[in-house]
Structures are given as structure tokens and as C-alpha cells.
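# Remarks on the overall topology
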Amino acid sequence: MEDAPSIYERYASDPEVTRLLSWRPHESVEQTRTFLRLLLEAREAGTVHAWIVEGRADRRLMGLLSMTIQTVRKDDFLSTEEERRYYEVSFGYHLSRSEWGRGFATEAARTIVQWALDQPEVYRIWSVCDIENHASARVLEKAGLVREGTLKRWSIHPNVSAEPRDFHCYALVK
């Protein structure tokens, strides 16, 4: 919660950063605090894992990386309990505009991809990006993910349109 003012200032209030995200720019630090409370609640419930991205040397706040681990079950009647469960990981990120084009998103994405694939029960890691977000698509490709296809009318980016937009889906599997 102590990062709320920096998060607000560095990226959450920036219309360019939030343009292709699922939320509008924050209008106050209190709105950022509310966002963080919800994120922390999801983290404590085990549904989302999130980390602040910061500079190594100066520890400046650069952005946020989040990950969701979903349990996928095979048909119960075909397998033992141990064989029935595996996981897939989805992730996303956003960085302050001053950090764009400097390789930090790629470094963060590669780290989460490597971590996920090192887990024996994870067989798939994936992410999506708006079809207009060419920079994010490039980050996902540099992190080793492969474009699987386009998800038609997948999600809404309220800063662009009230209608669901097309997204590219990228994944890497074992």
C-alpha cells in the first residue's frame, strides 16, 4: 500500500500506459489504493500473484507483473488423482512510459515464463494482447511465446472502445 502514490504517479494515472489495459487511468491516489487492496485480496486468496517491477540499482518503481495459476483437470474417470491435475499460467504486465523500449518488460516476461516452465505440473504459459499492441506482442515473442491465434472480441479496453476487441493469444507449452 505504501507504493500507491508512486504507482499512481508513474503509470496508473497515465492515459498512454492504460490505453490498452482493461481499466481507465486512475483519477486519484485513493483509486490506486482501492486497486491495490483488490489486488492484495486476490493475492491472499491465491487467485493472483503480483509483483512490483523495480530498478535493480535505484529501486525505482517501474511497473507491475501479475500471474494467475489455473488448475486444469482431466476426465476424472480416466485418471488417478495424481494424473488428473496440471496447471496453466497466464500473465500480464505494464510499465511506466519512461521504461518502454528498454527491455524491462521482456526481462520480466522471460523470468515468469522460465519460472512457470520449471514447475513440473505446469504445461502451458500464456498471455494475450490487444491486436494494436505491437510492442507487447514483440515482448511476448522475445520471451519465447508463439502466437496461437486471434481471439475475436475477447475483452474490452474501455479507453479505446466500449465494444469487446480482438486480442492475439501467445503461449508456450511443454
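Everything in this summary refers to the structure shown in the same document. Fair warning: this is a prediction, and the values are worked out from it, not measured in the lab.

Rules behind the numbers
- Per-chain numbering applies: the sequence of each chain, read as written, is numbered from 1 onward.
- Where local features are concerned, this predicted model is filtered to residues with pLDDT of at least 70; where side-chain atom pairs are given and counted, the filter is 80 or more; whole-chain, interface and lining totals use all residues.
- In computing side-chain values, all of the structure's heavy atoms are included and hydrogens and water are not.
- For helices the rule is a DSSP run of H or I covering at least 4 residues; for strands it is a run of E covering at least 2, with both sets numbered from the N terminus onward.
- Our radius of gyration is a C-alpha quantity, and the globule rule it is checked against amounts to 2.2 Å times the number of residues to the power 0.38.
- Any Phe, Tyr or Trp ring, taking Trp's six-membered ring, that has another such ring centre within 6.5 Å forms a pair; planes under 30 degrees apart are called stacked, those over 60 apart edge-to-face, and the others tilted.
- Residue exposure (1.4 Å probe, protein chains only): buried if accessible area is under 20% of the type maximum, exposed if over 50%, otherwise partly exposed.
- Any Lys NZ or Arg CZ found within 6 Å of a ring centre and within 35 degrees of that ring's normal is scored as a charge over the ring.
- Working definition: the arc comes from the directions between the helix axis and the C-beta atoms, pointing outward to the latter.
- Two cysteine sulfurs form what is called a disulfide whenever their separation falls within 2.5 Å.
- Under this definition, polar contacts are N or O atom pairs within 3.5 Å; protein pairs additionally need one hydrogen-donor-capable and one acceptor-capable atom, and for neighbouring residues in sequence, both atoms have to be side-chain atoms.
- Only heavy atoms enter the contact rule, under which two residues are in contact if any of them lie within 4.5 Å.
- Cavities and pockets are found on a 1 Å grid laid over the protein atoms alone: a cavity is a set of points where a 1.4 Å probe fits but cannot escape, a pocket is an open set with protein on both sides within 12 Å along at least five of seven lines, and a lining residue has an atom within 4 Å of such a point.
- Grid points are joined across faces, edges and corners, and a volume is the space filled by probe spheres set on the points.
- Asp, Glu, Lys and Arg are counted as charged, while Ala, Val, Leu, Ile, Met, Phe, Trp, Tyr, Cys and Pro are counted as nonpolar; the rest, among them Gly, fall into the polar class.
- To estimate how far a helix should reach, multiply one less than its number of residues by 1.5 Å.

All right, on to the overall build of the chain then. Scanning the chain for helices and strands turns up six helices and six strands. Ordered by position from N to C terminus, the α and β elements of the chain give α-α-α-β-β-α-β-α-β-α-β-β. Computed over C-alpha atoms, the radius of gyration of the chain comes to 17 Å, within 12% of the 16 Å expected from 2.2 N^0.38 for 174 residues, which places it in the range of a compact globule. Taken along its principal axes, the extent of the C-alpha atoms in the chain is 50 × 35 × 30 Å.

A separate point is the packing of aromatic side chains. Considering all chains together, one arrives at two aromatic pairs under this definition. For the ring pair W23 and F35, a centre distance of 5.5 Å and an interplane angle of 40° mean the geometry is tilted. Pair noted here: W23 is in the loop between α2 (15-18) and α3 (29-45) and F35 is in helix α3, with a separation of 12 residues, a long-range link. For W23, a relative accessible area of 17% corresponds to the buried category. The ring of Y123 carries the charged tip of K174 above its face, separated from the ring centre by 5.5 Å.

Turning to helix α1 (residues 4-12), a few remarks are in order. All of the buried residues in α1 are A4, I7, Y11 and A12. In a view along the axis of α1, the buried residues occupy a sector of 75°, so they form one face of it.

Within the structure shown, the criterion is met by zero disulfides. For C129, which is in no disulfide, the shortest distance to another cysteine sulfur is to C169 and amounts to 9.4 Å.

On to the side chain of H26. Of note, H26 is situated in the loop between α2 and α3. Relative accessible area serves as the criterion here: at 6%, H26 is assigned to the buried category. Within the structure, H26 has its side chain in polar contact with the side chain of T32 (distance 2.7 Å). For H26, the residues in contact, after removing those within four places along its chain, are Y8, A12, S13, Q31, T32 and F35.

Put simply, the largest pocket is a space of about 1,200 Å³. Looking at the largest pocket, it is lined by 45 residues, and the ones nearest its centre are L20, L21, G92, Y93 and H94. Of all the secondary structure elements, the ones that give two or more residues to the lining of the largest pocket are α2, α3, β2 (61-73), β3 (85-95), α5 (104-118), β4 (122-130), α6 (134-142) and β5 (146-155). Tallying contributions element by element places β3 first for the lining of the largest pocket, with six residues. Along the lines of polarity and charge, the residues of the lining of the largest pocket split into 23 nonpolar, 15 polar and seven charged. Of the pockets and cavities examined, the second largest pocket occupies roughly 350 Å³. Mapped onto the lining of the second largest pocket, the elements with two or more residues apiece are β1 (49-54), β2 and α5.

This brings us to α3. Over its 17 residues, α3 extends 24 Å from the first C-alpha to the last, a length consistent with the 24 Å expected when each residue adds 1.5 Å. All of the buried residues along α3 are T32, L36, L39 and A42. Projected down its long axis, α3 carries its buried residues within an arc of 120°, all on one side. In α3, those exposed residues whose orientation departs by more than 90 degrees from the buried face are L38, E41, E44 and A45. Just past α3, the residue G46 takes up positive phi, approximately 85°.

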